[in-house]
Each structure stands twice: as structure tokens, then as C-alpha cells.
Amino acid sequence: MIQAILVFNNHGKPRLVRFYQRFPEEIQQQIVRETFHLVLKRDDNICNFLEGGSLIGGSDYKLIYRHYATLYFVFCVDSSESELGILDLIQVFVETLDKCFENVCELDLIFHMDKVHYILQEVVMGGMVLETNMNEIVAQIEAQNRLEKSELLAWGL
């Protein structure tokens, strides 16, 4: 099961934080900091899997991450998840963001947080993977966009 999804920039600023397990806010902030430091000190040509930090469960959990341009996408998962499956899921999530925002960048995550969360919810909900077909995810997002536009037109906005 996926315990947390974290996206932060090269300076450690969180851009997307989603926990599927309850933690107090202080602990969540410590987890983000610890995860950033664990991932940052790794070289780019090293494996993208590492043991979870002491705060999120230690050796029972794995951090699986990808580094794209200025963003790190980190999934914290338990031992029942496939590392390669999660790497593929990260790729699907990033490619979906790329399709929806036409060459996604850090500013898209900042200024369109609601859309990013909606995309994430189409992929993962409650720590469980819902959809991995990028075309299906994009179709659902486009349907949501059409619905929003029709509601705006109905209200005359």
C-alpha cells in the first residue's frame, strides 16, 4: 500500500504532499525533511529505491523516487508493493501531468494545486492504485474540465 506521495523541488520545498496514513502535522513536516535529505544525498546514477526513514516506518517501508528537472517525485510504500510497478506509476503520473499542463513545470504544481490533486486522485486513492492507463486518466480529466466549463456557462461566469 502507498503510505505517502511527496513532490518537492531541488531545494526541499514541498509542492505536493499526500499522506494515506495519519500523522500529526509536525511529524509530516519531519518526514518531508527527512525524505528530502535521504533522496538528495543520492547520486543520479544510483538505484531509485531506498529504505524508508526512521519516522515513516524504517525498513518495513521503501522510498521509491524519480528526479525530473527540478522536481523529485517520491512514493513511500510498504513491502507489499513492487518497486518497478511504483516507478512505472510515477512515470504515468508525470506523463499525465505533462499531457494536462502541456510540459508540466514546478509552477503548474503551485498555481493549479486543485487540478494536480484531482489528477492524483484519478491515479491513487486511499493508498491504493486506481488507474494506470494514461489515456483513461486524461479522458476523465477532460470530462471534468467540460463539466466545470458547462457549470460556469450556466452561471453566466
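Cut-off values and rules
- Residues numbered from 1 in each chain as written.
- Predicted model: local features only at pLDDT ≥ 70, side-chain atom pairs only at ≥ 80, totals over all residues.
- Heavy atoms only, no water.
- 1 Å grid on protein atoms, 1.4 Å probe; cavity = no way out; pocket = protein on both sides within 12 Å on 5 of 7 lines; lining within 4 Å.
- Points joined across faces, edges and corners; volume = space filled by probe spheres on them.
- Nonpolar A, V, L, I, M, F, W, Y, C, P; charged D, E, K, R; others polar.
- Axes fitted to C-alpha atoms, helices over the stretch in contact; angles between N-to-C directions.
- Helix = DSSP H or I, 4+ residues; strand = E, 2+ residues; numbered from the N terminus.
- Parallel < 35°, antiparallel > 145°, perpendicular 65-115°, else oblique.
- Left-handed = near helix turned anticlockwise from the far one by under 90°.
- Contact = heavy atoms within 4.5 Å.
- Salt bridge = Lys/Arg side-chain N within 4 Å of Asp/Glu carboxyl O.
- Expected span 1.5 Å × (residues − 1).
- Buried < 20%, exposed > 50% of the residue type's maximum accessible area, 1.4 Å probe, protein only.
- Arc of directions from axis to C-beta.

The next point concerns the layout of surface pockets. Rolled over the atoms, a probe as big as a water molecule pinpoints where empty space is left. In this structure, the largest pocket encloses a volume near 160 Å³. Around the largest pocket, the lining residues are Tyr68, Ala69, Thr70, Leu71, Phe73, Val94, Asp98, Asn103, Val104, Cys105 and Glu106. In terms of residue class, the lining of the largest pocket is built from seven nonpolar, two polar and two charged.

Turning our attention to the packing of helix 2 (residues 83–101) against helix 5 (residues 134–155). Two elements in contact, helix 2 and helix 5, have axes whose closest approach is 10 Å; the angle formed by their N-to-C orientations is 40 degrees. Overall, the two elements helix 2 and helix 5 adopt an arrangement that is oblique. The two elements helix 2 and helix 5 cross, and the hand of that crossing is right-handed. Across the interface between the two elements, Val92, Glu95, Thr96, Lys99 and Cys100 of helix 2 pack against Met134, Asn135, Ile137, Val138 and Ile141 of helix 5. Its residues assigned to classes, the contact of helix 2 with helix 5 comprises six nonpolar, two polar and two charged.

Moving on, we come to the pattern of salt bridges. For the structure on display, the rule yields two salt bridges. Among the salt bridges present, the one from Glu106 reaches Arg15, with a minimum N-O distance of 2.7 Å. Here the residue Glu106 occupies a position in helix 3 (residues 106–111), and Arg15 occupies one in strand 2 (residues 14–19), the gap between them amounting to 91 residues. The partner of Lys62 in a salt bridge is Glu83, with the nearest N and O atoms 3.2 Å apart.

It is worth spelling out helix 1 (residues 25–40) at this point. Over its 16 residues, helix 1 extends 22 Å from the first C-alpha to the last, a length consistent with the 22 Å expected when each residue adds 1.5 Å. By the burial criterion, the buried members of helix 1 are Ile31, Val32, Thr35, Phe36 and Val39. Along the axis of helix 1, the buried positions cluster into a sector of 130 degrees, meaning they face one direction only. Packing partners of the buried residues in helix 1 comprise strand 1 (2–9), strand 2, strand 3 (49–51), strand 4 (61–68) and strand 5 (71–78).

As a further point, take the packing of helix 2 against helix 4 (residues 113–123). Where helix 2 meets helix 4, the axes come as close as 11 Å, and the angle between the chain directions of the two elements is 140 degrees. Considering their axes alone, helix 2 and helix 4 lie oblique with respect to each other. Our pair here, helix 2 against helix 4, has a crossing hand that is right-handed. For the pair helix 2 and helix 4, contact is made by Leu89, Phe93, Thr96, Leu97, Cys100 and Phe101 and by Lys115, Val116, Ile119, Leu120 and Val123, respectively.

Quick look at the environment of Glu95 now. In this fold, Glu95 is placed in helix 2. Along the sequence, Glu95 and Met134 sit 39 residues apart, while their C-alpha atoms lie 7.7 Å from each other.

What is shown is where atoms sit, not what they do.
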